[in-house]
Every structure is written in C-alpha cells, then in structure tokens.
Amino acid sequence: MNDVVMPSLAFLAPLAALVTATLVRRAHARASEPQPWFDAGIATALLVPLAVLVSWPDVLTPARAAVAAGLCVALLANDPRDLPQTEVALKLLWVLLAAFALSWAGDALLALASGSARPREQWPALALALDPYSLWSAAASLSMLAGLVMLGGAPFHFWAGDLFHGARAHLAPFVAVTLQVAGASWLMHHLTGVEAFPAAERLVRAQLTLAASVALVGGAATLANPARSERRVGALVSLQGGLVLASFAAVPWAAPFAAQGGLAAWGGHLLLAASGASLLSRFLPVGGSVSDGASVLFRRHPWTGAAGAYAMLSLAGAPGTPGAQLWLGLARTLADHRHPGLLFAVALAWLASFGVAAAEIRRAFGAPESTPLPEREVPGALRAALWTACGALLVLLWAWW
Amino acid sequence: MIRAPRIPSARLGALCATSGVVLLMLPGVVWAALGVELMAMAFWLWARAMPERAEPMARWSWLRRPAMALWLACALFMALPELRQMYAPVVGHGPSSPFGVPSFVPAPLPVSRDPMALLRTLAALAVLWAGLELMAALPLSRPFPDLTGPVRSLGPWLTALLPVTGFLVLWRQAELWTTAPFVREVATVTLLLAALLAALRAYTRRSLTASLRWLVVFDCTLASMLVARGVVPGEIAALLWLGSAGGRLIALAAELRGQAVRRGAQLTRLWRWAGWLACSALAWPLLYDVGFGDGRFHPLEFAVLMSAVFVASLLWLQRVVEAPERRAVARPEDRVPLISRVAAIAVLLAGPLSLAWVWKRVMTDPLTALIALVPMALAWWPIHRARVVPEPTEPEPPAGPGTRDFALNTFRAVTVVERQMAGAIAVVARLLGAPARDLHSGDAQEYLLFLVGVAVLSLLLPLLR
C-alpha cells in the first residue's frame, strides 16, 4: 500500500496546493476581472512549473535552480499594479543576483583548483592535495552561499517574511517553497561526493553546523517579534530552511528527510502548510492581545478557522500534524549521527515555533463577544481553500504515520 | 445551511479538564503532555468566558509552560528511543541525603560516555519542570494557590486541581525522571523548599479555603518526594497522597457548600482525626527516610521537613473546628451527613492501610520510626486551645509581630528573591534577544549587507581553523 501511496504523495501535495491557490486567486479576484474563474485558472497555470519543480527536485541542477529563482522573481513582478509584490520581487532580485554571482565565482575557483566542473569529480581531485587549503576552502565556502540564501534560514530569513507580507496569498507559498527546494538542491548538488575528501567534509560539516545553528536559534529568537501574522508565517517557513541545513550538517551527502520521502515530500508538505497558514494569517488581527475579540473568520466559521489553524500548527511542527514527523525525523537523524548541539538547537526552535503558533491560534479565537455576528461571510472559495489544505495535510499525516 | 453546534465555553472547559485528568492517569508521556495541554485549554476556555476576561486570561496563560515542557520531553523521548535504558549502567547507591553529592560520581559521568546524555537529562528535567510548576514548587508559578480559578462558582476549588495534576505527572512518569543523574537530587531540594513554603503560607492565610489550597500543595510535594526518593512504591505513594490530598480536596469542596465537614461536633472531630491521620501516614515514611536514611541522622533535612509537617498538622487540627451555626433551619444533609461521614472514614482508613502494606519494608528500626512520628504527635499538644476562627471578609492585615507574621514575612522574602532572580534572567534574555529583534528593518540595502557579511565570514572562518 505504502509503495503506491508514498511516491504519489510527492505529486498529490503540490496538486492540492494548486487547487488551494486557484481557490484563493478566485476569491481575491479584482472587480475589474470579468471572468474570475478563468483568470484564476491562468494564474494557477503559471504556478504549474513551480509545482513540478517542488514535486520533482531531482531535476534541479544549479543552473536550473537559478532559472527557477528567476521564474519566481518574474512571477512576483508580473503585475505592476501590485506595488508591495513588485517591491518583494526587486528585493529578491537584488539579493539573489549577488548571491549567485558570489557562488558562481566560488564554482569557477573550484573548477580552477580541481580541473573539473563536476562536484563528483572535484572532491577526489582536491583530495590529492595539489592545491593550497586557502584556495579550495574559500571556493567551497563561496559556492554554497546561494543555497544558504535560497533556503532562507537566519540571517537570510528576511526574504521569507517580506514575501509573505508583500506578495499575494496564492503566490507567496509557491515562490517561497520553490526557492527553498532550489536552495536545498543547490547544496545537495555541491556536496555530492564530498565524503571522498575528509578535510573538505570536515570543513563543510563545520560551516553547515554553524549555519544551521544560526538559522534555528536566530529564527526562534525572531519568531515572536513581528507584529503581523504574515511575517510570522514567513519566519516559520524560514525555520524549515534551518531544518534542511541541520540535516545537511549531520549527513552532507544524503538527501534530507529520507524517511518521509525526501526533499519532494518535505517541499509538498511545506507548500500545503504554508498555503493554509499564509491564508489564515490574512484573517488574523494585527497586534492586539489574547483577550480581544475573535476575527471575522473565527466568529462566523470557527471550524474553518480550526482547519486553517491545523495548517499553521503543521508548519510549526506541532504534535499530531505531519510537520511534527519532519521535525522528529530530523531529530532522529541528528541523534543517530551524534549531534547533541544541533539537536538542542532544533528542540529550542521547535519549542519557539510551537509556542508561537499556539499563541497565534489562541489570539485568533480571541474571546467570545456578545455583539451580533458580522453580516458578510468569508467567501466560500477561501473557506474551501483552507479545508483543502487541511484535508491534504491529514492525508499526509495518515501516509507518514 | 448546517451550522456546527456551539458548545458553551464553561462546559467545554469542564470536558477538557476532566479528559485532561483522565489522560494524566495513563502511562506514557504523550498522554501526560496531552492531559496538561487539555488542562491549560480548560483554564483558557473558562477565562475567556469571564466578563472581565483580560486579567484571568493573562493570569492563567502560564499553564502552557508545563504543557510545552512535557511536549519537549515527549519529543526527545520519541527522537531518542534508547533514552529509557541509558541510566541502567550507572553504578553506586542512591543519594545519602537530599543535599548530598550523588554517590555515582566516582563512576564515569554519563556525559563522558555518551554525548547525548545532556539531552537525556534535559528530557527528564522537562518532565520534572512540568510537575513542579503545576505544584507551585517553582518561582514563576509559586503564588497561584493564593488565587481563585476562572470559574465563579468553583473558582476556589479549581486552583487546588493544579497541584493534583502536578503530582499525577510526577507519579505516572516517575520512571522517566527519577533515574536521570542529578534530577532526583534537584527534585528533592526543590520539593523540600516547596513543602516548607506551602506550610508557612497555609499558616499565614486566615481563610480556611485558602489554607486548604496550600495544604493540597503541601501534600502533593510530600507525595512527590516519596516518589522522587523511592521511599515507597509509586502505587503506595499515590494511595497515601490520595488519602491526604483527597481529604483536603473534599474538605475544600465542602467548605464551599456550607462548610459541610464542620457541621456538628462529632463530624468535625471525625474529620479532624481523619485528616491528621492521612497527613501523618503520608509524612511518616518520608520523615523516616529523610532524617534517618542511609543509617545515620541528617539533622538539617529532618529539621526542615519536621517543621513543615508540624505546621501543617497543627494547622489542620486547629482550623478544622465546628462551624458556628447561623442558619435557623439546618439543611437535611447536615442533619444526617452520611456522605461526609463516609468520606471521612475513607480518608481515615486510606493512609494507615496503605502504610501497613509496606510497613516492614520501609521502617526497619522501630525506635527511629517513633522519633519520626514526633512532629505529628507534637501538633496535638496545643490543640486544647483550639477555638472557632472567624472567617475574614477583608484583606489580610499588614505584617506585624507574631508567629503568623514571621511565617508571612519568610514566605514573602523567599518569593520576592525568587521573583527578582527570575526578573534578572528575563532582562538578560531580553538584552540578548534585542539584536535579533532589530535584525531586519525591511531595507533592501540590508539584504546585501548581510550577504556580504556572511560571504566574508565564510571566507575567513576556514582560515581560522
């Protein structure tokens, strides 16, 4: 049974996320759009390449990862009327261009030092110790930079927050997850065969451990700070990048989350959880305390609110959600490879993310009010989107159990 | 359109609290975490249904802390399944005294054998933290038994439910935390201090309902100490606790329903005996073990525990006095207090019968056992001066000279110091977290600055190997 279900999940999760995106885009149609369903379909069709990349990350070579990043920026800049989204596109373009330039410089140096452009051949060639340490270490460090930026772990967590705050609800999760999957693929490609050169493996492990620690601890520290829920969802997404970094730090040459189905399963879950959480965050009040009244969604449709809350909890890795399986899988990997420090950082980040998500949901439900219910209902398409994300996550939970 | 049923918050809270307590009875840290989470949810639901909800919602929000601690323990035990076997190779005997250095020190420390030992200790400490915090044995939650719960009718009784959940956590998860290095010692010292403070605070409160809440805390700390030190088997400790804390909980509930355990001289006397006997049965083996364990006398530990037990016993004997009859017509249940009488007899028998089960194994020396009984027996000495204590309707008067004021000042001094220490730690944490808060201003220039910074760092770090 699992032999059939597990591989198909990698495709089913992005498919469910596409359905969610269509529903969200339909609900957010402008009054000037005469055919909202058609327009929503077109917008979703533009997301299909991203969904394919998420469900099939093996096709992402470094060059294709750069193309995927470019596609993400293009999608964000597609609508000039949407100023916040265009600003996000510009910011991403600004940082990604510089990151790719630095990484390509590192790649060129590595090729120069080893005489090959293929990572699988580079590490054994470098192991012959014909080149100075400073040359190949600098080259290796630089070549990983684009992967770190695209994964979005702290201190590069800002783009995820900006993206979920500025971009439209149907687009932000796809862009974020595509960039993160591209980042993970970038690192995986560059680390292929590194075990053939023990000195490089030690260096890479040390750097990835440092990067993962900063991503997890820094992400946990900044999680409670943003006033807007959208930015908080961005911070939770950036923590997922920290998880991938921690996995690479433990086993640099293996694909992360192998027990759950690899990078594709991780990306699929992230896509669904981020879609639900991102949509839910649009209904949450900015600021305010736990004793304030509930938002419209939670007053009129509390069960739909609960469905959205499940997506947010899954993104945070709360127990009883598929997200928790990913955190636990990583913790087991770190324990098996004797990484107590990183495991502690993962525990800290998990506590912070679970705590913040639970507080956010309490704030969303607020306190009961005696005033009459708001007259306008939340659009049915948005409610259906929340239920789709929740249902797909439940299927994931069943499959991973 | 079909609408989902809306359940009132108060009923939902009651359902959550009941399910939470039931889950806490089950073995398995997952159930404990879920149980405490449900308890926290119950308090949140009750608080949000109150008219003035801002304060109670903020006041009871700390209940998520023990739940999170248990979730952390649960996650660590799931991630590291071999945790349960790791303490087995530790050789040596148990600690000689609560303040003594553990005797497994000569053996190689677990950390030196296994790098994951620190995390395993962390998992055990998380379970302990949850239990202690629910029992008002940690500085951050110390004052909660002074407060009433967020339900109007049941509020004063509801608060007493939290130490009960704390004991259930520590008892049912005992095998996870009592075997970890240092955790047992940390637990003993913390519980000893908590027992003393609870007895002192109970003594300073003039209202019997408030005193009873603190006495429940006191019973829970004693029973947890029995579990922590392994004085008696866990089931016996639970039965002893059930007799003592159960009696106080019944008395507290009865206080809120017309002082039902203090109606009539005979019933009052029966309850006085029952409560004293149950508390004595709980404290006796502990006093014996703490004072005379390991074949020698431990004066400091014995004195601290003895004074706490003496104050608690004295308090019960002095406070459980016949209630003044102000009603023209007594309630039918007060005229024939069958339920109250049966409950008193159950409380009277629970402790001694449980103790009789393990008598020979625990108390090997009869003379020492008699000495350990002294604090409880001494409490009877001033009882002839027992009188009806008026129930105050106004706030507590400021401290002045006298034993009660000494107790109040001691309690306040300890809690103030604790709070200042916790505040100092919070300030340091905020200072350390401030740069993270200011990490991102949203400026696009900042993006590039970070990138350049990280690039330079990644070039320099390998050269500093």
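The structure this text deals with has already been given above.
The shown structure was predicted, so the numbers you read here are calculated from the model rather than taken from an experiment.

Trainee: Outline the overall build of chain A, supporting the account with residue identities and numerical values.
Mentor: Counting secondary structure elements, chain A contains 17 helices and zero strands. Over its C-alpha atoms chain A spans a radius of gyration of 21 Å, differing by no more than 12% from the 21 Å that the globule rule assigns to 401 residues. Principal-axis analysis of the C-alpha atoms gives chain A an extent of 75 × 45 × 45 Å. Of all 401 residues assigned to chain A, the portion counted as buried reaches 61%. Pairs at least 24 residues apart make up 81% of the contacts formed inside chain A by residues separated by at least 6 positions.

Trainee: Residues and numbers for the interface of chain A and chain B, please.
Mentor: Across the boundary between the two partners, chain A contributes 44 residues, which contact 39 residues of chain B. With ten residues, helix 16 (residues 340-365) of chain A is the single largest residue contributor to the side of chain A that touches chain B. Class assignment of the residues belonging to the side of chain A that touches chain B gives a composition of 30 nonpolar, nine polar and five charged.

Trainee: I'd love a proper account of the packing of helix 8 (residues 161-172) of chain B against helix 11 (residues 208-229) of chain B, names of residues and values included.
Mentor: Residues and elements named next belong to chain B. It is the contact of helix 8 with helix 11, at a shortest axis distance of 9 Å, that shows an interaxial angle of 5°. Judged by the inter-axis angle, helix 8 sits roughly parallel to helix 11. Residues Pro163, Val164, Gly166, Phe167, Leu170 and Trp171 of helix 8 lie in contact with helix 11, whose contacting residues are Val216, Val217, Cys220, Ala223, Ser224 and Val227. Along the lines of polarity and charge, the residues of the contact of helix 8 with helix 11 split into ten nonpolar, two polar and no charged.

Trainee: Just give me the short version of helix 14 (residues 302-316) of chain A, but keep the residues and values in it.
Mentor: Residue and element names in this part refer to chain A. The end-to-end C-alpha distance of helix 14, which contains 15 residues, comes to 21 Å, matching closely the 21 Å that a straight helix rising 1.5 Å per residue would cover. Summarising burial for helix 14: twelve of the 15 residues are buried, a large majority. Within helix 14 the residues assigned to the buried category are Thr304, Gly305, Ala307, Gly308, Ala309, Tyr310, Ala311, Met312, Leu313, Ser314, Leu315 and Ala316. On the buried face of helix 14, the contacting elements are helix 11 (229-250), helix 12 (262-281), helix 13 (296-300), helix 15 (322-336), helix 16 and helix 17 (380-400). With its phi angle positive at about 80°, glycine 317 sits one or two positions after the end of helix 14.

Trainee: Let's hear about the packing of helix 2 (residues 29-48) of chain B against helix 8 of chain B: which residues, and what values?
Mentor: Residues and elements named next belong to chain B. Running from amino to carboxyl end, helix 2 crosses helix 8 at an angle of 175°, the nearest separation of the two axes being 11 Å. Classified by the angle their axes make, helix 2 and helix 8 are roughly antiparallel. Here helix 2 contributes Ala32, Val36 and Met39 to the contact with helix 8, which in turn contributes Thr165, Val169 and Arg172. In terms of residue class, the contact of helix 2 with helix 8 is built from four nonpolar, one polar and one charged.

Trainee: Now, about helix 1 (residues 9-25) of chain B: what can you tell me, with residues and values included?
Mentor: Residues and elements named next belong to chain B. With 17 residues, helix 1 extends 24 Å from end C-alpha to end C-alpha; this agrees with the ideal 24 Å at 1.5 Å per step. Considered for burial, the residues of helix 1 that qualify are Gly13, Cys16, Ala17, Gly20, Leu23 and Leu24. One face of helix 1 carries all of its buried residues, which in axial projection span an arc of 130°. When the buried face of helix 1 is taken as reference, the exposed residues oriented beyond 90 degrees from it are Arg11 and Val22. Elements that come into contact with the buried residues of helix 1 comprise helix 2 and helix 8.

Trainee: Could you give an account of the nonpolar core, with specific residues and numbers?
Mentor: Of all hydrophobic cores here, the largest spans 313 residues; its most connected members are Val346 of chain A together with Leu70 of chain B. Per-element tally for this core: the top contributor is helix 13 (residues 265-292) of chain B, with 16 residues. Sequence-distant contacts of leucine 70 of chain B, that is, excluding residues within four places in its chain, are made with Val29, Ala32, Ala33, Val36, Ala126, Val127 and Ala130 of chain B.

Trainee: Which residues make up the environment of phenylalanine 365 of chain A, and what are the values?
Mentor: Residue and element names in this part refer to chain A. For phenylalanine 365, the position within the fold is in helix 16. For phenylalanine 365, a count of 20 C-beta atoms within 10 Å corresponds to the buried category. C-alpha of phenylalanine 365 to C-alpha of proline 173: the two residues are 192 residues apart in sequence and 24 Å apart in space. Those residues in contact with phenylalanine 365 that sit more than four places away from it in its chain are Ala294 and Phe298.

Criteria and thresholds
- Residues numbered from 1 in each chain as written.
- Chains lettered and ligands numbered in written order.
- Predicted model: local features only at pLDDT ≥ 70, side-chain atom pairs only at ≥ 80, totals over all residues.
- Helix = DSSP H or I, 4+ residues; strand = E, 2+ residues; numbered from the N terminus.
- Rg over C-alpha atoms; globule rule 2.2 N^0.38 Å.
- Buried ≥ 20, exposed ≤ 12 C-beta atoms within 10 Å, placed from the backbone.
- Contact = placed C-beta atoms within 7 Å.
- Nonpolar A, V, L, I, M, F, W, Y, C, P; charged D, E, K, R; others polar.
- Axes fitted to C-alpha atoms, helices over the stretch in contact; angles between N-to-C directions.
- Parallel < 35°, antiparallel > 145°, perpendicular 65-115°, else oblique.
- Expected span 1.5 Å × (residues − 1).
- Arc of directions from axis to C-beta.
- Core = buried A, V, L, I, M, F, W, Y, C linked by C-beta atoms within 7 Å.

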